[in-house]
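The primary structure of each chain is shown beneath.
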Amino acid sequence: MPELEISNLHVSAGDKEILKGVDLTVEAGEVHALMGPNGSGKSTLANVIMGNPAFEVTQGTIVFRGEEITEASPDERSLLGLFMAFQYPVAIPGVTVTKYLRMVINAHRRARGEDEISLKDFRQVVEHAMEMTEVNREFSKRYLNDGFSGGEKKRLEILQLALQRPNVAILDETDSGLDIDALNVVAEGVNTVNTQSGAGVLIITHYQRILHLVKPSRVSIIADGKIVTEGGPDLVDQLESEGYGWITADNELAERASA
Ligand SMILES: Nc1ncnc2c1ncn2[C@@H]1O[C@H](COP(=O)(O)OP(=O)(O)OP(=O)(O)O)[C@@H](O)[C@H]1O
Ligand SMILES: [Mg+2]
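Residues numbered from 1 in each chain as written. Chains lettered and ligands numbered in written order. Predicted model: local features only at pLDDT ≥ 70, side-chain atom pairs only at ≥ 80, totals over all residues.

Draft legend 1. The arrangement of unusual backbone geometry in detail. Phi at Asn 8 is positive, roughly 45°, even though this residue is not glycine. Take Asn 8: it is sitting in strand E1 (residues 4–13). Accessibility expressed as a C-beta count within 10 Å gives 12 for Asn 8, which makes it exposed. Within the chain, Glu 134 stands out as a residue other than glycine whose phi angle is a positive 50°. For Glu 134, the position within the fold is in the loop between helix H4 (119–133) and strand E8 (143–144). (Helix = DSSP H or I, 4+ residues; strand = E, 2+ residues; numbered from the N terminus. Buried ≥ 20, exposed ≤ 12 C-beta atoms within 10 Å, placed from the backbone.)

Okay, here's the thing in structure tokens:
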């Protein structure tokens with residue numbers, strides 16, 4: 001059974017239908033890439049998987065580790081082992097990075113029936129995660145994402161990923177706007193979580209560069225709210241050289257034929 005199984009998902013915002021019957025799975029330990037043109041519904045799908053109330057699921061189901069979570073709250077999903085790195089991480093002025101990370105770790109421990117983490121253990125795991133993601137220690141005292149550069153925010157997302165060790169991680173354009181060094185750090189963090197704790201990863205991206213560092217075994221293409229093609233890693237190179245025209249054209253032909 002897949003860790004995450006999305007079936008016939010239809011999603012609207014206001015009176016606009018954005019997702020029009022998405023089927024997608026993420027297996028334990030796999031890296032699955034999701035690509036598609038701007039505005040095709042990738043971030044919407046990621047947000048709906050995490051339970052963002054801005055979107056309404058009008059049809060279909062999301063099942064996570066055998067449990068239907070279509071209507072679950074974002075907190076419940078996180079505690080069950082779902083993680084998402086956002087395309088645009090939000091700042092939380094007034095809450096320091098350290099405080100935030102402790103809150104998150106303790107919420108997950110409480111959900112597992114464990115005591116709060118000791119200060120000593122907390123320092124140790126955070127230091128280790130900071131080293132891995134090359135986040136400077138000075139960041140622990142700063143307010144979360146407040147005034148962070150784009151690349152700093154993305155590194156911090158990977159730091160949280162490393163601390164949380166979820167069953168499934170969804171990364172929405174975590175590679176965009178990164179310099180080469182940061183890209184390597186992010187890729188290493190994702191690979192570590194993927195190989196060491198066997199997390200399934202759904203990686204949303206426009207670029208092949210990260211997919212040469214975090215190697216997907218499957219690639220799905222979404223266009224106009226529907227998965228139109230699924231293939232192996234070769235699909236990434238084909239998209240890079242040919243763009244999306246051939247896929248969306250095929251899709252329109254198929255739609256016309258079935259209409
Ligand atoms: N809250 C909303 N209300 C109305 N329309 C929305 C809302 N959120 C998203 N949309 C629309 O849904 C479509 C899909 O948006 P989405 O952000 O999912 O695209 P995307 O595939 O992530 O694109 P990109 O590659 O540019 O990040 C777009 O046309 C967008 O304008
Ligand atoms: Mg997006």
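Okay, back to it.
Draft legend 2. Region of interest: the packing of H4 against helix H5 (residues 150–164). For the pair H4 and H5, interaxial distance at closest approach is 9 Å and the crossing angle is 135°. When the axes of H4 and H5 are compared, the pair comes out oblique. Handedness of the crossing formed by H4 with H5: right-handed. Two secondary-structure elements touch here, H4 through Val 125, Ala 129, Met 130, Met 132 and Thr 133 and H5 through Arg 155, Ile 158, Leu 159, Ala 162 and Leu 163. (Axes fitted to C-alpha atoms, helices over the stretch in contact; angles between N-to-C directions. Parallel < 35°, antiparallel > 145°, perpendicular 65-115°, else oblique. Left-handed = near helix turned anticlockwise from the far one by under 90°. Contact = placed C-beta atoms within 7 Å.)

Draft legend 3. Region of the structure containing the sheet that holds strand E10 (residues 200–204). With respect to topology, 6 strands assemble into an open sheet ordered E6-E9-E10-E3-E11-E12, the strand pairing being mixed. Edge positions in the open sheet fall to strand E6 (82–85) and strand E12 (226–231), since each of these has one partner strand only. Averaged over all adjacent pairs, the angle separating strand axes in this sheet is 20°, with direction ignored. Where strand E3 (residues 31–35) and E10 come together, 4 bridges link them in parallel fashion. Counterpart to Val 31 in the pairing with E10 is Val 201. (Pairing = 2+ DSSP bridges.)

Draft legend 4. Representation of the packing of H5 against helix H6 (residues 180–196) in the model. The geometry of H5 relative to H6 is characterised by a closest axis approach of 10 Å and an angle of 15° between their N-to-C directions. Comparing the axis directions of H5 and H6 gives the class roughly parallel. Judged by the twist between their axes, the crossing of H5 over H6 is left-handed. Listed contacts from H6 to Gly 151, Lys 154, Arg 155, Ile 158, Leu 161 and Ala 162 of H5 are Ala 182, Val 185, Val 186, Gly 189, Val 190, Thr 192 and Val 193.

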